[in-house]
Amino acid sequence: MNKVLLVSGCLLLCYALAAYAAGWLPVGLGQGEGGVEYMKVVPSSDGSVDWAQYRLPALLAGLGLIVVGWLRARAR
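Residues numbered from 1 in each chain as written. Predicted model: local features only at pLDDT ≥ 70, side-chain atom pairs only at ≥ 80, totals over all residues. Heavy atoms only, no water.

Between its terminal C-alpha atoms helix α1 (residues 2-22) stretches 30 Å, which fits the 30 Å expected from 21 residues at 1.5 Å a residue. Of all the residues in α1, the buried ones are Asn2, Leu5, Gly9, Leu13, Ala16 and Ala19. An end-on view of α1 places all buried positions within 130° of arc, on one side of the element. Turned more than 90 degrees away from the buried face of α1 sit Lys3, Val4, Leu11 and Cys14, all of them exposed. On its buried side, α1 packs onto α2 (55-75). (Helix = DSSP H or I, 4+ residues; strand = E, 2+ residues; numbered from the N terminus. Expected span 1.5 Å × (residues − 1). Buried < 20%, exposed > 50% of the residue type's maximum accessible area, 1.4 Å probe, protein only. Arc of directions from axis to C-beta. Contact = heavy atoms within 4.5 Å.)

Here's what the structure looks like:
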């Protein structure tokens, strides 16, 4: 069970970090444009699921699962 908690926490943490890093990626990198523009993560209004809005909950849940899994492993 501890391994499941740790793996789940690591996956959630990786998703959250990748979602935060996506906001800093430049658009059109390597196309020789003069100005550098950056992607902006904004919620969509077309009724689809916007996964960017789950960055903070995923980060907190991932950290929480890692801490709980680590504490349970130490208690043994």
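Before going further, it helps to spend a moment on the environment of Gly69. Along the chain, the position of Gly69 falls in helix α2. With near-sequence residues (within four places) excluded, Gly69 lies in contact with Asn2, Leu5 and Leu6.

A surface patch of nonpolar side chains, amounting to about 300 Å² of accessible area, comprises Val67, Trp70 and Leu71. Within the fold, Trp70 resides in helix α2. For Trp70, a relative accessible area of 46% corresponds to the partly exposed category. (Patch = residues over 30% accessible without salt bridge, like charges linked within 9 Å, V, L, I, M, F, W, Y side chains within 5 Å. Areas by Shrake-Rupley, 256 points an atom, 1.4 Å probe, with all protein chains shown as cover. Salt bridge = Lys/Arg side-chain N within 4 Å of Asp/Glu carboxyl O.)

What follows covers the packing of α1 against α2. Running from amino to carboxyl end, α1 crosses α2 at an angle of 155°, the nearest separation of the two axes being 7 Å. Here α1 lies roughly antiparallel to α2, going by the angle between them. With respect to the hand of their crossing, α1 and α2 are arranged in left-handed fashion. Of the residues assigned to the contact of α1 with α2, the class counts are 20 nonpolar, five polar and two charged. (Axes fitted to C-alpha atoms, helices over the stretch in contact; angles between N-to-C directions. Parallel < 35°, antiparallel > 145°, perpendicular 65-115°, else oblique. Left-handed = near helix turned anticlockwise from the far one by under 90°. Nonpolar A, V, L, I, M, F, W, Y, C, P; charged D, E, K, R; others polar.)

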